[in-house]
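# Reading the structure
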Amino acid sequence: MKINLQLPELPYQKSALTPLITEETFDYHYGKHHATYVNNVQELVKDSALAEQSIEDLILHGYKTHDAVLFNNAAQHWNHTFFWHCLAPDGGQHPTGKIAELILRDFGSFEQFKQQFSTTAAKLFGCGWAWLAQNDEGILEIIPMKEANTPLTLNKTPLLTLDVWEHAYYIDYRNARPKFIESFWEVVNWDFANQNLK
C-alpha cells in the first residue's frame, strides 16, 4: 500500500468498531499517537534530501544507518497506517480466498493459526507488534517484533498486524491485553490480507 508523509484518513468512521475499539481510543491512538509520529518524521526530514524519499525508504535508511529516531517514527507511521487497514467493521469470521488456503497449508488449520497468533501477541513482552508475514518462499510466518520493528527490515511481506502497545487497548481494556486480542478476531480485514499477498 502507498503511504505518504501525511496522517492518512481512517478507512472507516472512528465509531465504526465500537464497542471493540471505541471512538475515544481512536481519538488518542490515531489522533494523538499516530499524528505525533507523522509530525516527527516531517520535522526530521524537512529541508533535506530525505524529504523526497518514501516512508519505506526512510524506514530502511534509519535502520541501516542506526538512526533510531528516524527509524522509530517512520516505522511507527507505516505500522499504524497498515494496522488501520487490518481492521474492518464487517471483518472477522474465517478467512476466505488465497489467505485461507495458505493458513491451512502453513498452520494446519485456522484454529491453530489463531491460537498461535494470539499467544504470540499476548506473550510479547512490553510493547510491539504481532505480524503475519510472507517470506521469500511464499511461506506464512507469525513474527513478534518489539517496539517499532516491522517485517520490512527482514525483507518479508507484511500481511496483517496487531498493535500490542499499551496505548492501543488501555482505554477500552485497561491491562487485559488478551481480551483486546480476542476482540481483534471479530474485526480482522481478510480482504486486506489477501491484497497484500505476493
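Going by the structure above, here's the rest.
The text that follows walks through the structure, step by step, so that each part is easy to find. Nothing here was measured: the structure is a model prediction, and the numbers come from that model.

## Notes on the packing of helix H2 (residues 55-64) against helix H3 (residues 68-85)
Orientation of H2 relative to H3, taken along the N-to-C sense of each, is 145°, at an axis distance of 8 Å. Taken as a pair, H2 and H3 cross one another with a handedness that is left-handed. Here Ile-55, Glu-56, Leu-58, Ile-59, His-61, Gly-62 and Tyr-63 of H2 come into contact with H3, specifically with Leu-70, Phe-71, Ala-74, Ala-75, His-77 and Trp-78. Partitioned by chemical class, the residues of the contact of H2 with H3 number nine nonpolar, three polar and one charged.

## Comments concerning unusual backbone geometry
Of note, the amide linkage connecting Thr-18 to Pro-19 takes the cis form, showing an omega dihedral of 5°. Mapped onto the fold, Pro-19 is located in the segment before helix H1 (23-45). One non-glycine residue, Asp-47, adopts positive backbone phi at about 60°. Counting through the fold element by element, Asp-47 comes out in the loop between H1 and H2. The backbone of Asn-155 sits at a positive phi, close to 60°, despite the residue not being glycine. Along the chain, Asn-155 turns up in the loop between strand E2 (140-146) and strand E3 (157-163).

## Focus: the pairing of strand E1 (residues 128-134)
When you tally the buried positions in E1, you get seven out of seven residues, the bulk of the element. With burial as the criterion, each face of E1 is covered, one bearing Gly-128, Ala-130, Leu-132 and Gln-134 and the other bearing Trp-129, Trp-131 and Ala-133. Bridging between E1 and E2 involves seven bridges; their strand directions are antiparallel. Bridged to Ala-130 within E2 is Pro-144. Taken together, E1 and the strand that follows it, E2, pair antiparallel across an intervening segment of five residues, in which Gly-138 is found at a positive phi of about 90°.

## Here we look at the packing of aromatic side chains
Each aromatic ring pair is characterised by the separation of its centres together with the angle its planes make. Applying the stated criterion to the full structure yields 24 aromatic pairs. Where Phe-110 meets Trp-185, the ring centres are 6.1 Å apart and the plane angle is 85°; that geometry is what we call edge-to-face. With Phe-110 in helix H5 (residues 110-123) and Trp-185 in the loop between helix H7 (177-184) and helix H8 (190-196), this pair connects stretches of sequence that are 75 residues apart. What makes Trp-185 buried here is its relative accessible area of 7%. Three or more aromatic residues link up through ring pairs in this structure, and these residues are Tyr-12, Phe-26, Tyr-30, Trp-78, Phe-82, Phe-83, Trp-84, Trp-129, Trp-131 and Phe-192. One Lys or Arg, Lys-32, reaches over the ring of Tyr-28 and ends 5.8 Å from the middle of that ring.

## Structural notes on the environment of Trp-78
With respect to the secondary-structure elements, Trp-78 resides in helix H3. Remark: the alpha-carbon pair of Trp-78 and Leu-60, spanning 18 residues in sequence, is separated by 12 Å. Not counting residues up to four positions away in its chain, the partners in contact with Trp-78 are Ile-3, Ile-55, Glu-56, Ile-59, Trp-131, Thr-150, Leu-152 and Pro-158. There is a polar contact of 3.0 Å between the side chain of Trp-78 and the side chain of Glu-56.

## Looking at the nonpolar core
Within the largest apolar cluster, 63 residues are counted, with the highest numbers of intra-cluster contacts made by Phe-113, Leu-132 and Trp-190. Ranked by residue count, the leading element in this core is H3, at eight residues. Residues contacting Phe-113, with those up to four places away along its chain left out, are Ile-103, Phe-107, Leu-132, Ile-142, Trp-185 and Trp-190.

## Digging into the environment of Trp-190
With respect to the element layout, Trp-190 can be found in helix H8. With 30 residues separating them in the primary sequence, Trp-190 and Leu-160 have C-alpha atoms 8.5 Å apart. Those residues in contact with Trp-190 that lie beyond four places of it in its chain are Gly-92, Gln-93, His-94, Pro-95, Ile-99, Ile-103, Phe-110, Phe-113, Leu-160 and Trp-185.

## Some remarks on the packing of H5 against H7
H7 packs onto H5 with a crossing angle of 145° between their chain directions and a minimal axis gap of 9 Å. For the crossing formed where H5 meets H7, the hand is right-handed. Taking contact as the criterion, the partners of Phe-117, Ser-118, Ala-121 and Ala-122 in H5 are, on H7, Arg-177, Ile-181 and Phe-184. Of the residues belonging to the contact of H5 with H7, the class tally is five nonpolar, one polar and one charged.

Analysis parameters
- Residues numbered from 1 in each chain as written.
- Predicted model: local features only at pLDDT ≥ 70, side-chain atom pairs only at ≥ 80, totals over all residues.
- Heavy atoms only, no water.
- Axes fitted to C-alpha atoms, helices over the stretch in contact; angles between N-to-C directions.
- Helix = DSSP H or I, 4+ residues; strand = E, 2+ residues; numbered from the N terminus.
- Left-handed = near helix turned anticlockwise from the far one by under 90°.
- Contact = heavy atoms within 4.5 Å.
- Nonpolar A, V, L, I, M, F, W, Y, C, P; charged D, E, K, R; others polar.
- Buried < 20%, exposed > 50% of the residue type's maximum accessible area, 1.4 Å probe, protein only.
- Pairing = 2+ DSSP bridges.
- Phe/Tyr/Trp six-rings, centres within 6.5 Å; stacked < 30°, edge-to-face > 60°.
- Lys NZ or Arg CZ within 6 Å of the ring centre and 35° of its normal.
- Polar contact = N/O pair within 3.5 Å; in protein donor to acceptor, adjacent residues only side chain to side chain.
- Core = buried A, V, L, I, M, F, W, Y, C linked by side-chain atoms within 4.5 Å.

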